[in-house]
Amino acid sequence: MWYAIISEDVADSLPLRIKTRDAHLARLQHLVEDGRLLVAGPHPAIDAENPGEAGFTGSLIVAEFPSLEDAKAWTAEDPYVAAGVYANVTVKPFKQVLP
């Protein structure tokens, strides 16, 4: 099943994101290679593709896992979680309707 991982950043998270980005993306790449990633990306803090120093306010990942518990366990090991980028993370089932 698909699961939405909705994360909200701590204030001024950009330095933490930059420091941990490569490790975070490497984990996501494993999901891509396994055909289990639907979409992933950050939420810019301003209405711009590249927000610069404004940074980001959170992230969205929609990925396939065997169960909600597996999705939560995977999320708990995210380098952004360990680095303190996220103030809050919600993991919940996602039903793709379109496309």
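See the structure above.
Below you will find a few notes about this structure. (Residues numbered from 1 in each chain as written. Predicted model: local features only at pLDDT ≥ 70, side-chain atom pairs only at ≥ 80, totals over all residues. Heavy atoms only, no water.)

1. A few points about the pattern of salt bridges
For the coordinates displayed, the defined rule picks out two salt bridges. Where R17 meets D9, a salt bridge forms, and the shortest distance between an N and an O atom there is 2.6 Å. Taken as a pair, R17 and D9 share a single burial class, namely buried. With its nearest N and O atoms 3.8 Å apart, the salt bridge here joins D34 to R36. Take R36: its relative accessible area is 24%, and that puts it in the partly exposed class. (Salt bridge = Lys/Arg side-chain N within 4 Å of Asp/Glu carboxyl O. Buried < 20%, exposed > 50% of the residue type's maximum accessible area, 1.4 Å probe, protein only.)

2. A few points about the sheet that holds strand β2 (residues 37–44)
The four strands lie next to each other as β2-β3-β1-β4, forming an open sheet whose pairing is antiparallel. Lying at the two open borders of the sheet, with one neighbouring strand each, are β2 and β4 (86–94). Between one strand axis and the next, the sheet turns through 10° on average, direction left out of account. Examined bridge by bridge, strand β1 (residues 2–9) and β4 share eight bridges and lie antiparallel to one another. (Pairing = 2+ DSSP bridges. Helix = DSSP H or I, 4+ residues; strand = E, 2+ residues; numbered from the N terminus. Axes fitted to C-alpha atoms, helices over the stretch in contact; angles between N-to-C directions.)

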